Amino acid sequence: QVQLVESGGGLVQAGGSLTLSCAASGIILGINAADWYRQVPGKQRELVARISSGGTADYADSVKGRFTISRDNAKNTMYLQMNNLRPEDTAVYYCNAIIRLLNLRQSSYWGQGTQVTVSS
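Report follows, based on the coordinates. (Residues numbered from 1 in each chain as written. Predicted model: local features only at pLDDT ≥ 70, side-chain atom pairs only at ≥ 80, totals over all residues. Heavy atoms only, no water.)

1. Overview of a nonpolar patch on the surface
A surface patch of nonpolar side chains, amounting to about 470 Å² of accessible area, comprises I27, L29, L102 and L104. In this structure, L104 sits in the loop between β9 (91–100) and β10 (106–110). (Patch = residues over 30% accessible without salt bridge, like charges linked within 9 Å, V, L, I, M, F, W, Y side chains within 5 Å. Areas by Shrake-Rupley, 256 points an atom, 1.4 Å probe, with all protein chains shown as cover. Salt bridge = Lys/Arg side-chain N within 4 Å of Asp/Glu carboxyl O. Helix = DSSP H or I, 4+ residues; strand = E, 2+ residues; numbered from the N terminus.)

2. Notes on the sheet that holds strand β7 (residues 67–72)
Strands sit in the order β1-β3-β8-β7 across an open sheet of four strands; the sheet is antiparallel. Sheet topology places β1 (3–7) and β7 at the edges, where each strand pairs with a single neighbour. On average, adjacent strands in this sheet sit at an angle of 15 degrees to one another, irrespective of strand direction. (Pairing = 2+ DSSP bridges. Axes fitted to C-alpha atoms, helices over the stretch in contact; angles between N-to-C directions.)

3. A word on the pairing of strand β5 (residues 46–51)
In this structure, strand β4 (residues 30–39) lies alongside β5, joined through five bridges in antiparallel fashion. Note that in β5 the partner of D35 across the bridge is R50. Turn length for the β4-β5 hairpin, with the two strands adjacent in sequence and antiparallel, is six residues, and the turn residue G42 shows positive phi of about 85 degrees. Across three bridges, the pairing between β5 and strand β6 (residues 57–59) is antiparallel. Across the sheet, R50 pairs through a bridge with D58, a residue of β6. Where β5 folds back on β6, the antiparallel hairpin that results is connected by five residues, among which G55 adopts a positive phi of roughly 100 degrees.

4. Considerations on unusual backbone geometry
Residue N76 is not a glycine yet carries a positive backbone phi of 50 degrees. On the secondary structure map, N76 appears in the loop between β7 and β8 (77–82). Accessibility expressed as a relative area gives 19% for N76, which makes it buried. Positive phi outside glycine occurs at L104, with the angle close to 75 degrees. Using a relative accessible area of 71% as the deciding quantity, one classes L104 as exposed. (Buried < 20%, exposed > 50% of the residue type's maximum accessible area, 1.4 Å probe, protein only.)

Written out as structure tokens, the structure reads:
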């Protein structure tokens, strides 16, 4: 069974750093585009960063210059390096990826979410 498993969330002081990981488990052919989203209670899920299959990255204006999305195709894993964290970055972070399956189809998967809390 294919899953995206997230890790790396936690509590950090403002100005600190965290790195989130999102690993695809199961037998797959590979991963196309992948995203990181975040959500706070009562608000819509917000796109934070996106990385294409070729490694091109895009970011929300609110995180540009502070967050870096990357991928390790050999490990089927995506990362979100978050630096200079602010209290307003507090949210549950979710990864999403378009996965190429053994039946040659592509399907979108979500991670389980990981809490990031930034204290002031």
